[in-house]
Amino acid sequence: MASFEVESALSALDVGIIVLDAQSTIVEWNDWVARTTGISRQSALGRNLIAVFPSLENTRFPAVISDALLFGSSSILTHTLNRLLPLTGDDARDLLHNVVVRPISSGQSAFCLLQITDVTVSVTRERVLRDRQNARYHAIVDSARDTIITTGTDRKIQWVNAAAEQAFGYAPVELLGQDIDLLIDHGQAAGESHLGELVGGNSSTIQVAGRRKNGEVAHFAVSLGRWKAGDHAFITSIWRDVTEQMAAVSALRESENRHRALLEALPQLVWTCGADGNCDYLNPQWEHYTGVPAKQHLGWAWLDIIHTDDREALEAAWWRSLASGNVFDADARLCRSNRTHRWFKFRSIPVHSADEKIVRWFGTATDITDHIEARDTLRRSNDDLESLVVERTREREVVLQQLHEAQKMESIGQLTGGVAHDFNNLLAVVLGSLSLLKKNLPDDPRTSRLIEGAIQGAERGATLTKRLLAFARRQELKLEAIDLNALFPDLLEFLRQSVGPNIAISLDISDDVHPVNIDANQFELALMNLAVNARDAMPKGGVLTIKVRDEVIGGGHDKPKDLPQGQYVRIDVADTGTGMSEATLAKAMEPFFTTKGVGKGTGLGLSMVQGLAAQSGGGLTISSTPGKGTTISLWFPCARREDIQTAPEKPAQIKVEDRSRGSRILLVDDDPLVSMNTAYMLMDLGHSVLEAPSGPNALRVLETDAQFDVIITDYAMPGMTGLDLAEKIKQLRPKIPIIIATGYAELPPGATLEFPRLSKPYSQQELCEALERASRSLR
Amino acid sequence: MPADISELSDIERDALSEIANIGVSRAAASLRQMVGEQVLLSVPSVKIVSRREAAELVGGSAPRLVAVRQTFEGPFSGRAMLIFPEAHSLELVRSIVGPEHSLEDVIDLEQEALAETGNIILNACLATIANLLRKTMRMSLPSVVRGDGAMMFEAPAEDADLVLFLYIDFTVKHRDIRGFIALLMDLPSFMALREILGDFIADVEKQSNSG
């Protein structure tokens, strides 16, 4: 077996071996150690280790070596925790190594082994990795937009990145060595505490008000990190400028708040929709109005509370707007949860983005119920007003026309009445004088014929004045209950003679027809007039039908205007003649209107009939169809059947030579002509006459002892009327009969019953009869 | 000497506590030299327990533990351990290696740093005992083990049944980290330790009496 030296093995070892004796003297130093320390084995052996490496004096080496030697302890010393031996590798770089220290014993002596292991390769690899990491770190830090500042605990700025200049306006060289306070706005109350936190260096993020070089205050979100390097502590802070962000955020918040406040303050219902029309907001007024939580109406659900009648139109309009981007405008009723609804004007406008796209719809609904109601009311009242005006105007025209008509008739009546009255008196004088003249003249045929002609003319004049008075409703009517069934047979015969043989007359009268209150003579005259008119309307002959029926006038009948309700007898006189045009019909009842040729009629016939009907408390209507004929309808008030008087016995022919002859008569008349004529007629009858020109004069006569058998007084006298006089005379001489002569129907009702009347103009015969009746009534 | 081997007399407990504190003070000095900052170590109490009890004291099977372990041979032999909850391990390392290291560095360095730190503390304690008792021992290099309490106190030998159990408080850079130092010994070793301890006490008394 070849001899082997341990030392050669030691030399070949790839770890360092140093062996120390109990005095720390180097007794072994292998090649690895010699190579890495640059100290040869020869120069190392025998020397104290600390003497070889003075730098080990203040390390753990002396203690661990001593412990190993004294107590046998083994120690490990790593490069991370210890400063170790100054070793150099092949590449002349420091050699990183760990050292194990162990006790070894050889014989009785204690030794200490130092085993040195090279860890450079693995550590270097780690360092390369770490450096690469650091390079990355710097790349990030230098290009960061945020300001990064590292300060010492003394607040002095040690390092800043490039972004600091942009944020604060200071060049990095200006900041180095400056106090960090330079960058903090101390005007802010929070500044100090921020500073405290900066210096305290708790790792956190804080809000800091910073100050730029130009004095501007800026806001930063600052992240802090405290770290140590060797004996020094540092604080690295990252400053993010949030000034604009804060301003934008606060502006946005303010703007949002303002808009929201506005939306919520508006009295209208407000909603917003997305571009697709999907509703995403409803203001509190919506909820308040509908009574349903607004979220239930989001999306499209709000359409469900549009009134059914309005929904289709509104929805169509909404879709049109969504498609076209035009303003949406629609009126619709919106239903509440309590089933009531009101009118709203819906209006929505699109909100456009920068690229002209519609991004939202902003809409309101305004309650326009009051407007709509007011509009309707206004329209209605306008219509009402208009129709009212039209109606009133028409009524007014009618009334005016009626007034005009009435005034015209009144004037004509007054005129006619006045003329007829005076004319009547004159006729009375003429008639009276002629009849007296006729008596007293010798019987000469030629003279007699002339006088007869004069008398006939005067009598026709009297008839005419009677008609005039009838039309003027001032004729003297002797109203009494008349049984028409008794009246008609004689009347019919009379009418047949008047209309001639070409006209057939048919009478249709019910047997139980009521009696009427009329003046029989005037009634006969009226029917005569109508028959003559009918005859003239049927020149080629025809049928005249007279129909008499009871009729109760109620509402809604075909009846004359202003005829009060009640029981009437209606008499229709119908012909089959030519009829009348409307224009003719309208004027038919005007006095003096006639369709007959000049000199053929007076035009007073129909108006006289109407005057009679009206004065009798009845009425008249005309209906006519051209070519078919005309029907005149007359209404007269019914009378009670028991009021019918038995036909008055015809007064016997007055025998003037009888009882009344030789009476003493007081004649009162203001018209001397009439008075004289009457006096002549009385004297001719054999009476003695005293004339008085007025009522007072007559009374004075009566105060004397003069005796009178009869007093005849005119009614219409100035001062005291004939009736006043009669009343007074009645008190003075109650036994004297009084006759009131009048051409008017103006005597107050009742007066006729008390005093006998004489209708002017009167003939001697009539005068005689009146005297006879008066003296008879007294007996 | 008390009848129960596991019962230390007050004076023995005081003496051991005193010795341990001297040991950790030495360790603190070494650490301070290494870290460059004040490191405070103290042993507030000492007791002798069974291995099972020791396992319970470190939390049973609940926490993950990390231990630096060294064996020692001499007048008394056994196994010395510095035990921490694993959760505190990185903190201990960071406090030793300094904050300039990233988390990755600390993790990389953990094994080495723990081993060296534990080595310093355990060496100091054992060396102090050896020194004070004027005996020489042989101590192995440290190894780092991880596991629960039961595993930590698995017996190296059938009769290694007792544990000298010391609480230890570290204060490094304002951080307080609590751990345990445990010396597992067989009965003869323990008897030897007590005998030696008795001599030490007698010496101390003799010195104080003469002094």
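Residues numbered from 1 in each chain as written. Chains lettered and ligands numbered in written order. Predicted model: local features only at pLDDT ≥ 70, side-chain atom pairs only at ≥ 80, totals over all residues.

**Student:** Looking at this structure, how should I read the overall build of chain A?
**Tutor:** Helix and strand content of chain A: 23 helices and 27 strands. Looking at chain A as a whole, 30% of its 779 residues qualify as buried. For chain A, long-range pairs separated by at least 24 residues make up 55% of all intrachain contacts whose partners lie at least 6 apart in sequence. (Helix = DSSP H or I, 4+ residues; strand = E, 2+ residues; numbered from the N terminus. Buried ≥ 20, exposed ≤ 12 C-beta atoms within 10 Å, placed from the backbone. Contact = placed C-beta atoms within 7 Å.)

**Student:** Could you clarify how one ought to interpret the nonpolar core in this entry?
**Tutor:** Judged by nonpolar contacts, the single largest core of 67 residues is most densely connected at Val24(B), Ile83(B), Cys125(B), Leu126(B), Val163(B), Leu166(B) and Ala182(B). In terms of residue count, helix α4 (residues 103–132) of chain B provides more of this core than any other element does, 12 residues in total. The next biggest cluster of nonpolar side chains, apart from the first, holds 42 residues, and it includes Ala679(A), Leu685(A), Ile738(A) and Ala770(A). (Core = buried A, V, L, I, M, F, W, Y, C linked by C-beta atoms within 7 Å.)

**Student:** Just to check I follow, could you spell out the confidence of the model for chain B for this structure?
**Tutor:** The predicted coordinates ought not to be read in detail in places where the model reports low pLDDT. Residues and elements named next belong to chain B. Per-residue confidence for chain B averages 80 on the pLDDT scale, and 84% of its residues sit at or above 70. Per-element confidence in chain B ranges from a low mean pLDDT of 72 for helix α3 (residues 86–97) to a high of 90 for strand β3 (residues 65–73). Across the whole predicted complex the pTM is 0.40, and at the interface the ipTM reaches 0.84. (pLDDT = per-residue confidence, 0-100.)

**Student:** Just to check I follow, could you spell out helix α1 (residues 10–35) of chain B for this structure?
**Tutor:** Note on helix geometry: an α-helix contains 3.6 residues per turn, so any two residues three or four positions apart are oriented the same way. All names here are of chain B. Over its 26 residues, α1 extends 36 Å from the first C-alpha to the last, a length consistent with the 38 Å expected when each residue adds 1.5 Å. Buried within α1 we find Glu12, Leu16, Ile19, Ala20, Gly23, Val24, Arg26, Ala27, Ala28, Ser30, Leu31 and Met34. Looking one or two residues past α1, Gly36 carries a phi angle of roughly 85 degrees, positive in sign. (Expected span 1.5 Å × (residues − 1).)

**Student:** I would appreciate a short explanation of helix α15 (residues 484–499) of chain A in the present structure.
**Tutor:** All names here are of chain A. At Asp490, α15 is bent by approximately 30 degrees, the largest bend along its length. For α15, the complete set of buried residues consists of Leu484, Leu495 and Val499. The secondary structure elements touched by the buried residues of α15 are β16 (480–482), β17 (503–509), β18 (516–518), α16 (520–537), β19 (542–553) and β20 (566–574). Positioned one or two residues after α15, Gly500 has a phi angle of 90 degrees, which is positive. (Bend = angle between axes of the 7 residues up to and from the residue.)

**Student:** Explain the environment of Leu492(A) to me, please; I cannot follow it from the model alone.
**Tutor:** Residues and elements named next belong to chain A. Here Leu492 shows up in helix α15. Residues Leu492 and Leu507 lie 15 residues apart in sequence; the distance between their C-alpha atoms is 8.3 Å. If near-sequence neighbours (up to four positions away) are discounted, Leu492 is found in contact with Ile505 and Leu507.

**Student:** Before we go on, may I ask you to explain unusual backbone geometry in this structure?
**Tutor:** Across residues other than glycine, the phi torsion is negative in most instances, and most of the peptide bonds are trans. Residues and elements named next belong to chain A. You will see that Ser24, though not glycine, has its phi angle at about 65 degrees, which is positive. Tracing the sequence through the fold places Ser24 in the loop between β1 (16–20) and β2 (26–29). Assessed through the 17 C-beta atoms surrounding it within 10 Å, Ser24 is described here as partly exposed.

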